[in-house]
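Listed below are the residues making up each chain.
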Amino acid sequence: LVASIGGIYAKVNGIWPLLITGIITNFLGAAIFASSAASLADHRLTFAILLAAMLFIGIGFGATLTSLNTLMIRALPDRASTAITSLHAFLGIGTA
C-alpha cells in the first residue's frame, strides 16, 4: 500500500524525505517490537503491540524500497535494470 502511495508522497515532498520517513518508521516498528517483551503476561496486549509493530515495519519497508528504487535508477540510468535487480536481490538476502 505504501509503495503505491509513495510516488505521490515523493512528488509532493521529494525522494529523500520519503527515504527518511521509511527509515524512521522502520526504527519505530523495531522499537515497538522490542517493547512487546514487557507485556508477555497479557496475550491480547502483546498481540496488539506486535500487530502495530508489523504495521510500522511494513510501512517503513514500503517507503524505503520505493525511494531506493528511484535513487538506484537516478544513480545508474544506463544500467537501471541491473541496479534494481541487484538491489532487490541484496534486500532479499538481508531480510531472509
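Structural data are supplied above this passage.
A brief structural summary. Just so it is clear, the model here is predicted, and its values are computed rather than measured.

Quick look at the overall build of the chain
Right, so step 1: Across its full length, the chain carries 4 helices and 0 strands.
Right, so step 2: Taken from N to C terminus, the helices and strands of the chain fall in the order α-α-α-α.
Right, so step 3: Scored against the burial criterion, the 96 residues of the chain give a buried share of 25%.
Right, so step 4: Taking all contacts inside the chain whose residues are at least 6 apart in sequence as the whole, residues at least 24 apart take part in 57%.
Right, so step 5: When the accessible area of the chain is evaluated, it comes to approximately 6400 Å², of which 75% is carbon and sulfur surface.

Regarding the side chain of Thr 66
Right, so step 1: By secondary structure assignment, the location of Thr 66 is in helix 3 (residues 43-75).
Right, so step 2: Relative accessible area serves as the criterion here: at 15%, Thr 66 is assigned to the buried category.
Right, so step 3: Discounting chain neighbours no more than four positions away, the residues touching Thr 66 are Ala 3, Gly 6, Gly 7 and Leu 18.

Quick look at the nonpolar core
Right, so step 1: The biggest cluster of nonpolar side chains holds 6 residues, and these are Ala 10, Ile 15, Leu 18, Leu 19, Ala 63 and Leu 71.
Right, so step 2: Every element with two or more residues in this core is listed here: helix 2 (15-35) and helix 3.
Right, so step 3: In terms of residue count, the dominant contributor to this core is helix 2 (3 residues).
Right, so step 4: When near neighbours in sequence (up to four residues on either side) are disregarded, Leu 18 contacts Gly 6, Tyr 9, Ala 10, Ala 63, Thr 66 and Ser 67.

Considerations on the packing of helix 1 (residues 2-13) against helix 2
Right, so step 1: Viewed as axis vectors pointing N to C, helix 1 and helix 2 meet at an angle of 125°, and their least axial separation amounts to 7 Å. Classified by the angle between their axes, helix 1 and helix 2 sit oblique to one another. On helix 2, the residues that touch Gly 6, Tyr 9, Ala 10 and Asn 13 of helix 1 are Ile 15, Pro 17, Leu 18 and Thr 21.
Right, so step 2: Classifying every residue of the contact of helix 1 with helix 2 by side-chain character gives 5 nonpolar, 3 polar and no charged.

Examining helix 3
Right, so step 1: Here helix 3 contains 33 residues, and its C-alpha end-to-end distance of 47 Å stays within 8% of the 48 Å for a straight helix at 1.5 Å per residue.
Right, so step 2: Considered for burial, the residues of helix 3 that qualify are Thr 46, Ile 49, Ala 53, Gly 60, Gly 62, Ala 63, Thr 64, Thr 66, Ser 67, Asn 69 and Leu 71.
Right, so step 3: Elements in contact with the buried residues of helix 3: helix 1, helix 2 and helix 4 (80-95).

Parameters and conventions
- The written sequence of each chain sets the order in which its residues are numbered from 1.
- It should be noted that, the model being predicted, local features are given only for residues of pLDDT at least 70 and side-chain atom pairs only at 80 or more, the latter also being counted only at that level, while totals for whole chains, interfaces and linings use all residues.
- Side-chain metrics rest on all non-hydrogen atoms present in the structure, leaving aside hydrogens and water.
- Only runs of H or I of at least four residues qualify as helices and only runs of E of at least two qualify as strands under DSSP, and these elements are numbered from the N terminus.
- Relative accessibility decides the category of a residue: with a 1.4 Å probe and only protein chains considered, values under 20% of the type maximum give buried, values over 50% give exposed, and everything between is partly exposed.
- We call two residues contacting when some pair of their heavy atoms lies within 4.5 Å.
- In these tables, accessible area is a Shrake-Rupley quantity obtained with a 1.4 Å probe, and a residue counts as shielded only by the protein chains included in the view.
- What is meant by a nonpolar core is a set of buried Ala, Val, Leu, Ile, Met, Phe, Trp, Tyr and Cys residues, joined one to another through side-chain atoms within 4.5 Å.
- Interaxial angles span 0 to 180 degrees and are taken between N-to-C directions of axes, which are lines fitted to C-alpha atoms, for helices over the stretch in contact.
- Roughly parallel means an angle under 35 degrees; roughly antiparallel, over 145; roughly perpendicular, 65 to 115; everything else is oblique.
- Throughout, the ten residues Ala, Val, Leu, Ile, Met, Phe, Trp, Tyr, Cys and Pro are labelled nonpolar, Asp, Glu, Lys and Arg are labelled charged, and all others, Gly among them, are labelled polar.
- Here a helix's expected span is defined as the number of its residues, less one, multiplied by 1.5 Å.

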